Amino acid sequence: MPLIELTGMELPALQEYLQSIGQPKFRAAQLFDWIHQKRVTDFDAMQNLPKALRDRLKEEATLTTLTIQRKLESKLDGTVKYLYGLPDGECVETVMMRYSYGNSLCVSSQVGCKMGCAFCASTKAGFVRSLTAGEILAQVYETERDLGVKISHIVMMGIGEPLDNYENVLRFLRLINSPSGANISLRNLSLSTCGLVDQIDRLAEEKLGITLSISLHASDNETRSRMMPVNRRYPMEELLAACKRYTDRTGRRISFEYALIAGENDRPEDARRLAHCLKGQLCHINLIPVNSVKETSFHADRKRVREFQQELSRLGMNATVRRTLGADINAACGQLRRDKIEETK
Ligand code: SAH
């Protein structure tokens, strides 16, 4: 029998489980408190639970913990990047960035990725599996414990496509927002997707109030389909219509990610076409000079990046160039895991 993973269970599920083993309902709140407030990972430390219950939990349940397989710290800006080992031996990356407004953690949602974007390191080694809610949560708890810091913002921009792991990601978001847990405000949670239209609509219905980021990276279907295979399934018109519905339903501004790749999507006419595509959409454009990934020849042209932003501003679009953090530790995601797989080969 596989062990029951308690770290990713919301309170009602914990209550149901404890009742199913003959325990009173209030034990669930005690257990929740040990896991999510006191952050205990050993059942024996849970002093207000009866010994018999602790023994039973030790037998059939588990609390998710991660091991630090590698840890890199930037000397430039204090960014810390982890390669975390999961209970089954797989690994994912997590990055902690320090900003003036607080500490932001970039978490992974899957081991590898199915989406196949041409410029992305996370997809190069293929897809293994989705993470459980507990494994996503443990990235936050483990980092807070290791660094002795409080994380105030979460971005789901690590390895994987979060909307391809919908239930676990939603459970994670509700748990991390829980007032009897880490209590991170929904406004400080953001999720980035390559554009799974059905799931964007589903997310809109949850009315969670998190920030949605869309990885757009192109202003026409031909270019986007070449860089992002997902565009063949959900072309830009459908994606942008879903974004509009999301904003209408939630009132939240969408953030569009646009990685600038020299000679590919960074000409002034691309900027003009982008402005045209996004006209009337409540949004912000995040321009990212593409990070060079070993297997590809993609690179960014700094001058073109500046001109692209100027052109967008001239057209009245709200666009900023993303600051690079952790440049000395290769902080962009996917690269550490990929390197480790290559080392072990
Ligand atoms: N699957 C999700 C989230 C993970 S990637 C998504 O596609 O949004 C987080 C962001 O980094 C995405 O916008 C992704 O397109 C971008 N990205 C991936 N590889 C990159 C690279 N080499 N340079 C710049 N941005 C990259």
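Residues numbered from 1 in each chain as written. Predicted model: local features only at pLDDT ≥ 70, side-chain atom pairs only at ≥ 80, totals over all residues. Heavy atoms only, no water.

Enquirer: Which parts of the structure should I look at to understand the site of the ligand?
Expert: In the vicinity of the ligand, 16 residues are found, and the nearest of them are Phe-119, Ser-192, Ser-215, His-217 and Asn-291. Backbone polar atom of Gly-160 to a nitrogen atom of the ligand: 3.0 Å apart, as the coordinates give it. Here an oxygen atom of the ligand sits 2.6 Å away from a polar atom, N or O, in the side chain of Ser-215. About the coverage of the ligand: the protein hides 89% of its 540 Å² of free accessible area. A breakdown of the residues in the shell around the ligand according to their chemical character gives 7 nonpolar, 7 polar and 2 charged. (Near = heavy atom within 4 Å. Polar contact = N/O pair within 3.5 Å; in protein donor to acceptor, adjacent residues only side chain to side chain. Areas by Shrake-Rupley, 256 points an atom, 1.4 Å probe, with all protein chains shown as cover. Nonpolar A, V, L, I, M, F, W, Y, C, P; charged D, E, K, R; others polar.)

Enquirer: In this structure, what is going on with the sheet that holds strand S11 (residues 211–215)? I would like to understand it.
Expert: If you trace the 10 strands from one edge of the open sheet to the other, you get S3-S4-S5-S6-S9-S10-S11-S12-S13-S14, paired in mixed fashion. If you trace the sheet from one side to the other, it starts and ends with strand S3 (67–73) and strand S14 (319–321), each paired once. Adjacent strand axes in the sheet meet at a mean angle of 20 degrees, parallel and antiparallel pairs treated alike. Contacts from helix H9 (residues 236–250) reach S11 and strand S12 (254–260), with the element oriented near 145 degrees to S12. (Pairing = 2+ DSSP bridges. Helix = DSSP H or I, 4+ residues; strand = E, 2+ residues; numbered from the N terminus. Axes fitted to C-alpha atoms, helices over the stretch in contact; angles between N-to-C directions. Contact = heavy atoms within 4.5 Å.)

Enquirer: Would you take a moment to explain the pattern of salt bridges for this structure?
Expert: Where charged atoms from two side chains of opposite charge approach closely, those side chains can pair. Inspection of every chain in the model, using the stated rule, returns 30 salt bridges. With a closest N to O distance of 3.4 Å, Lys-244 and Asp-248 form a salt bridge. Taken as a pair, Lys-244 and Asp-248 lie in helix H9 at a separation of 4 residues, close to a single helical turn. Exposure remark for Lys-244: the relative accessible area of 38% places this residue in the partly exposed category. (Salt bridge = Lys/Arg side-chain N within 4 Å of Asp/Glu carboxyl O. Buried < 20%, exposed > 50% of the residue type's maximum accessible area, 1.4 Å probe, protein only.)

Enquirer: Can you walk me through the domain arrangement of the protein in this structure?
Expert: By convention, interface size is frequently given as the accessible area that disappears when the constituent parts associate. Taken domain by domain, the protein holds domain 1 (4–62) and domain 2 (67–344). If you average the C-alpha positions of domain 1 and of domain 2, the two centres end up 33 Å apart. With both sides pooled, the region where domain 1 packs onto domain 2 buries about 1100 Å², and carbon together with sulfur makes up 49% of that total. In this structure, the connection of domain 1 to domain 2 is made through 2 salt bridges. Linking Glu-144 and Arg-39 is a salt bridge whose minimum nitrogen-to-oxygen distance equals 2.8 Å. If you look at where domain 1 meets domain 2, you find 7 residue pairs in polar contact (both at pLDDT 80 or more). Tallying contributions element by element places helix H2 (residues 26–36) first for the side of domain 1 that touches domain 2, with 3 residues. Residue classes in the side of domain 1 that touches domain 2 are distributed as 3 nonpolar, 5 polar and 3 charged. (Domains from an automatic or database assignment. Buried area = accessible area lost by both parts, 1.4 Å probe.)

Enquirer: Is there a simple way to explain the pairing of strand S13 (residues 283–289) in this structure?
Expert: On a regular strand, each side chain points to the face opposite its neighbour's, so the side chains alternate between the two faces of the sheet. Summarising burial for S13: 7 of the 7 residues are buried, a large majority. Burial of the side chains of S13 extends over both faces: Cys-283, Ile-285, Leu-287 and Pro-289 are buried on one face and His-284, Asn-286 and Ile-288 on the other. By the bridge criterion, 7 bridges tie S12 to S13 in an arrangement that is parallel. Bridge pairing in S13 places Tyr-258 opposite Leu-287. Note on the crossover from S12 through helix H10 (residues 268–277) to S13: the handedness is right-handed. Looking at chain direction, S13 and S14 are connected through 3 bridges and run parallel. Looking across to S14, one finds that Asn-286 is bridged to Thr-320. (Right-handed = clockwise from strand over helix to strand, strands pointing away.)

Enquirer: Whenever I open this one, the nonpolar core confuses me. Can you help?
Expert: Buried together is how nonpolar side chains tend to be arranged in soluble globular proteins. Within the largest apolar cluster, 97 residues are counted, with the highest numbers of intra-cluster contacts made by Leu-6, Leu-173, Ile-176 and Leu-312. It is helix H5 (residues 166–177) that contributes the most residues to this core, 7 residues altogether. When residues of this core are assigned to domains, at least three map to each of domain 1 (4–62) and domain 2 (67–344). Excluding its chain neighbours within four sequence positions, the residues that come into contact with Leu-6 are Leu-14, Tyr-17, Leu-31, Ile-35, Phe-43, Leu-57, Ala-61, Thr-62 and Leu-63. Grouped together as the second largest cluster of nonpolar side chains are 5 residues, Val-95, Cys-106, Val-155 and Leu-325 included. (Core = buried A, V, L, I, M, F, W, Y, C linked by side-chain atoms within 4.5 Å.)

Enquirer: Can you help me understand the packing of aromatic side chains in this one?
Expert: Working definition: an aromatic ring pair is given by the centre-to-centre distance plus the angle between the planes. Going through the model one piece at a time under the given rule, you end up with 3 aromatic pairs. Centre to centre, the rings of Tyr-99 and Tyr-101 are 5.0 Å apart; their planes meet at 5 degrees, and the pair counts as stacked. It is Lys-38 that lies over the ring of Trp-34; its NZ or CZ is 4.5 Å from the centre. In this structure, Lys-114 is placed above the aromatic ring of Phe-127, and the distance from its NZ or CZ to the ring centre is 4.8 Å. (Phe/Tyr/Trp six-rings, centres within 6.5 Å; stacked < 30°, edge-to-face > 60°. Lys NZ or Arg CZ within 6 Å of the ring centre and 35° of its normal.)

Enquirer: Where do I start with the packing of H5 against helix H6 (residues 197–206) in this structure?
Expert: Where H5 meets H6, the closest approach of the two axes is 12 Å, and the angle between their N-to-C directions is 30 degrees. With respect to H6, the element H5 is oriented roughly parallel. The way H5 lies across H6 gives a crossing that is right-handed. Facing Tyr-166, Glu-167, Leu-170 and Arg-174 of H5, the residues of H6 in contact are Gln-199, Arg-202, Leu-203 and Glu-206. In the contact of H5 with H6, the residues fall into 3 nonpolar, 1 polar and 4 charged. (Parallel < 35°, antiparallel > 145°, perpendicular 65-115°, else oblique. Left-handed = near helix turned anticlockwise from the far one by under 90°.)

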